[in-house]
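# Fold and geometry: a report
This is what each chain is made of:
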Amino acid sequence: MTNIETITLEVADTAAAERFYADAFGLTTQLRFRTSAEPSIGFRGFTLSLTVPQPADVDSLIGTALAAGATTIKPATKSMWGYGGTVQAPDGTIWKLATSAKKNTGPATREIDAVVLLLGVADVAASKKFYLDRGLTVAKSFGRMYVEFDAGESPLKLALYRRKALAKDAGVAPEGSGSHRIAVSGAAEPFTDPDGFAWETPAAANLS
């Protein structure tokens, strides 16, 4: 396995999901969609983040997401680390829009620096080792709290965070059960990680 190639969201209505993500965030190639009726209750154990250059971009993307049908979980606010907010897409996926910048340097460009898949895991150290054994390399690591893997030239990044901490950061309760409703493409062979997140080969993802 090298890096994430695409992310597949399992949704009730693929056409509606495609329209939402194009209208809300301008995402047309990074995500794939397939129909699934698998039950999912509460927190699905992951969030997706869009990192952007400045606060104006956060506000612009949140605005178009809400106009397209998203709901607010955490309004955009300043913090010690920057500026950001969280919304929930109509399909249930939680999205964080964030920047490390605290001031604008110009008008919003809606440029997206990276799409980050944050997995909420039970044991960061164990999951880190699991992914290292499958060929990933660490870009950032903060003990047993947080790990971010090197994405190479891919705009899609993978990071690990403790499940309860990730839920708190997103603004939701950590409890949840059922399907994660997500699959990741980029594996040489299909596998499922210790927290139940499924990875597929790019060929399998292309068939969905």
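Read on for an overview of the structure. Quick caveat, the model's predicted, so the values are computed rather than measured.

Rules and cut-offs
Residues numbered from 1 in each chain as written. Predicted model: local features only at pLDDT ≥ 70, side-chain atom pairs only at ≥ 80, totals over all residues. Heavy atoms only, no water. Core = buried A, V, L, I, M, F, W, Y, C linked by side-chain atoms within 4.5 Å. Buried < 20%, exposed > 50% of the residue type's maximum accessible area, 1.4 Å probe, protein only. Helix = DSSP H or I, 4+ residues; strand = E, 2+ residues; numbered from the N terminus. Salt bridge = Lys/Arg side-chain N within 4 Å of Asp/Glu carboxyl O. Expected span 1.5 Å × (residues − 1). Arc of directions from axis to C-beta. Contact = heavy atoms within 4.5 Å. Pairing = 2+ DSSP bridges. Axes fitted to C-alpha atoms, helices over the stretch in contact; angles between N-to-C directions.

### A short note on the nonpolar core
- If you look at the biggest cluster of nonpolar residues, it comprises 45 residues, and the most contacted ones within it are L9, Y21, F25, W95, L117 and Y131.
- When residues of this core are assigned to their parent elements, the largest contribution, five residues, is made by helix α1 (residues 14-25).
- Grouped together as the second largest cluster of nonpolar side chains are 10 residues, A114, L118, Y146 and L166 included.

### Some points on unusual backbone geometry
- Residue R110 is not a glycine yet carries a positive backbone phi of 60°.
- Here R110 is to be found in the loop between β7 (94-99) and β8 (114-121).
- A relative accessible area of 28% means that R110 is categorised as partly exposed.

### Some details on the pattern of salt bridges
- If you walk through the whole model with that rule in mind, you get six salt bridges.
- Residue R144 pairs with D123 through a salt bridge whose shortest N-O separation is 3.6 Å. On the criterion of sequence distance, the pair formed by R144 in the loop between β9 (138-142) and β10 (146-149) and D123 in the loop between β8 and α3 (124-132) is long-range, its members being 21 residues apart.
- We classify D123 as partly exposed; its relative accessible area is 34%.

### Remarks on α1
- For α1, spanning 12 residues, the distance from its first C-alpha to its last is 16 Å, which sits close to the expected 16 Å at 1.5 Å a residue.
- Those residues of α1 not exposed but buried are A17, F20, Y21, A24 and F25. Looking down the long axis of α1, one finds its buried residues gathered within 90° of arc, a one-sided arrangement. Residues of α1 that are exposed and point more than 90 degrees away from the buried face comprise R19 and D23.
- Tucked into the core, α1 has its buried residues touching β1 (6-11), β2 (31-35), β4 (46-51), α2 (55-68), β6 (83-88) and β7.

### Side note on the sheet that holds β4
- Sheet architecture is open: eight strands sit in the order β5-β6-β7-β4-β8-β11-β10-β9, paired in mixed fashion. Every other strand in the sheet has two partners, leaving β5 (71-78) and β9 as the edge strands with one partner each. Across the sheet, the axes of successive neighbouring strands diverge by a mean angle of 15°, strand direction being ignored.
- Pairing of β10 with strand β11 (residues 156-162), which is carried by three bridges, proceeds in the antiparallel orientation.

### Some details on the side chain of T86
- Turning to its location among the elements, T86 is positioned in strand β6.
- Its relative accessible area of 2% is what places T86 among the buried residues.

### Some details on the pairing of β8
- Of all the eight residues making up β8, eight are buried; the element is thus mostly covered by neighbouring parts of the structure.
- Here β8 shows a buried face lined by A114, V116, L118 and G120 and a second buried face lined by V115, L117, L119 and V121.
- Strand direction decides the pairing type here: β4 and β8, joined by six bridges, are antiparallel. Directly across from T47, in β8, lies its bridge partner L118.
- Pairing analysis gives seven bridges linking β8 to β11, with the strands arranged parallel. Among the inter-strand pairings, L119 is bridged to a residue of β11, identified as L160.

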